[in-house]
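Here is how the chains run, residue by residue.
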Amino acid sequence: MVKVAPSILASDFSKMGQTVKELTDSGADWIHIDVMDGQFVPPITFGHQMVEAIRPYTDLPLDVHLMVEKPENQIDFFVKAGADCISVHVEATKHLHKTIHSIKEAGLKAGVVLNPATPIGFVEPVIGDIDFVLQMTVNPGFGGQSFIPSTLNQIKALRTLIDDKQLPVDIQVDGGVNQETALACIDAGATILVAGSAILGHADYSDAIKQIRGEKKV
Ligand SMILES: O=C(CO)[C@H](O)[C@H](O)COP(=O)(O)O
Ligand SMILES: [Co+2]
């Protein structure tokens, strides 16, 4: 069964703890936390303090998506704050191998993120060292964008790469994932679906999560 990770980027920041609790009670698998620094992407969202603040509201894995330059400088902060998974963009660091290993050595799951135009070959040298690849299905920086259809080819190529090597590596997708595009992502080989507006913009979180997981007809 695929996992669904609601992104709190789409939630009301003044009620974050309560929203995380509601998402947990609605059947979410992971909670996705979009950290943006105003450099790697234009907006600034929040830092490790947000992880610390929401940690008491859920036992689910807190999945930190670092959209920051030099993510290697942030790992210790997020480990101490209570993150369970940290993903870093290949485009944001000159020290990908070292950064992944610092996440793993802290006992967390490590992910590597690819932008829509980044060749999947960039993750190949470290594919055996990580827990998941995050294929962006929009350009990072903003919630509520439209899914980029050409990224389905990236997901399929990643699935072939991972299966050929028989690795236990998940494929996470992020951006424009809704009740319709989720099915195409699952068919292409995705196993963890991040969704912000499609869940937080829905009146019933539980229904939205089931629909994205493909358990319930739209
Ligand atoms: O990483 C992200 C943006 O850079 C977000 O996780 C993503 O955009 C989720 O929002 P939505 O489902 O509304 O597209
Ligand atoms: Co994200």
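Residues numbered from 1 in each chain as written. Chains lettered and ligands numbered in written order. Predicted model: local features only at pLDDT ≥ 70, side-chain atom pairs only at ≥ 80, totals over all residues.

## With respect to the UniProt feature "binding site: a divalent metal cation" (unreviewed entry) in the protein chain
According to UniProt, the positions carrying the feature "binding site: a divalent metal cation" (unreviewed entry) are His32, Asp34, His65 and Asp174. Sequence-wise these annotated residues cover 143 residues; spatially they are packed, their C-alpha atoms never more than 10.5 Å apart. Structurally, the position occupied by His32 is in strand β2 (residues 31-36). Overall, His32 belongs to the buried group, with 27 C-beta atoms counted inside 10 Å. Aside from chain neighbours lying at most four places away, what touches His32 is Ala5, Pro6, Ser7, Ile8, Asp63, His65 and Val194. Among the secondary structure elements, Asp174 is positioned in strand β7 (residues 170-174). Excluding residues that lie within four positions of it along the chain, Asp174 makes contacts with His65, Leu134, Met136, Thr137 and Val194. (UniProt positions renumbered as here; feature names shortened; annotations may be inferred. Helix = DSSP H or I, 4+ residues; strand = E, 2+ residues; numbered from the N terminus. Buried ≥ 20, exposed ≤ 12 C-beta atoms within 10 Å, placed from the backbone. Contact = placed C-beta atoms within 7 Å.)

## Focus on the site of ligand 1
Taken together, 23 residues surround ligand 1, and among them Ser7, Pro140, Gly143, Gly196 and Ser197 come closest. Those elements giving two or more residues to the shell around ligand 1 turn out to be β2, β3 (62-67), β8 (192-195) and α7 (197-200). By residue class, the composition of the shell around ligand 1 is ten nonpolar, eleven polar and two charged. (Near = placed C-beta within 6 Å. Nonpolar A, V, L, I, M, F, W, Y, C, P; charged D, E, K, R; others polar.)

## Some remarks on the UniProt feature "binding site: substrate" (unreviewed entry) in the protein chain
As annotated in UniProt, the feature "binding site: substrate" (unreviewed entry) corresponds to Ser7, His65, Gly141, Phe142, Gly143, Gly144, Asp174, Gly175, Gly176, Gly196 and Ser197 in the numbering used here. By the element assignment, Ser7 lies in the loop between β1 (3-6) and α1 (16-25). Discounting chain neighbours no more than four positions away, the residues touching Ser7 are His32, Asp34, Gly143, Val194, Ala195 and Gly196.

## Notes on the pairing of strand β4 (residues 85-89)
Counting buried positions over the five residues of β4 gives five, a clear majority of the element. Neither face of β4 is exposed, since Cys85, Ser87 and His89 on one face and Ile86 and Val88 on the opposite face are all buried. Here β3 pairs with β4 via four bridges, running parallel. Paired with His65 across the bridge in β4 is Ser87. In this fold, the crossover linking β3 to β4 by way of helix α3 (residues 75-81) has right-handed handedness. Alignment of β4 against strand β5 (residues 109-114), held across five bridges, turns out to be parallel. (Pairing = 2+ DSSP bridges. Right-handed = clockwise from strand over helix to strand, strands pointing away.)

## Quick look at helix α4 (residues 96-105)
Taken residue by residue, α4 has Leu96, Thr99, Ile100 and Ile103 as its buried positions. Each buried residue of α4 lies within a common arc of 100° when the element is viewed along its axis, so the set occupies one face. Opposite its buried face, α4 presents the exposed residues His97, Lys98 and Glu105, each directed more than 90 degrees away. In this structure, the buried side of α4 is in contact with α3, β4 and β5. (Arc of directions from axis to C-beta.)

## What about helix α5 (residues 151-164)?
For α5, which comprises 14 residues, the first-to-last C-alpha distance of 20 Å matches the rise-based estimate of 20 Å (1.5 Å per residue) to within 8%. Thr151, Leu152, Gln154, Ile155, Leu158 and Ile162 are the residues of α5 that are buried. All buried residues of α5 project into a common sector of 155° when viewed along the axis, lining one side. Facing away from the buried side of α5 by over 90 degrees, the exposed positions are Asn153, Thr160, Asp163 and Asp164. As for α5, its buried residues are in contact with β5, β6 (132-136), β7 and α6 (181-188). Gln166 sits one or two residues past α5 and shows a positive phi near 55°. (Expected span 1.5 Å × (residues − 1).)

## With respect to unusual backbone geometry
At Lys70, a residue that is not glycine, the phi angle is positive and equals roughly 50°. Relative to the elements of secondary structure, Lys70 occurs in the loop between β3 and α3. On the basis of neighbour counts, which here come to 16 C-beta atoms within 10 Å, the residue Lys70 falls in the partly exposed class. Although it is not a glycine, Gln166 sits at a positive phi angle of roughly 55°. Tracing the backbone through its elements, the reader meets Gln166 in the loop between α5 and β7.

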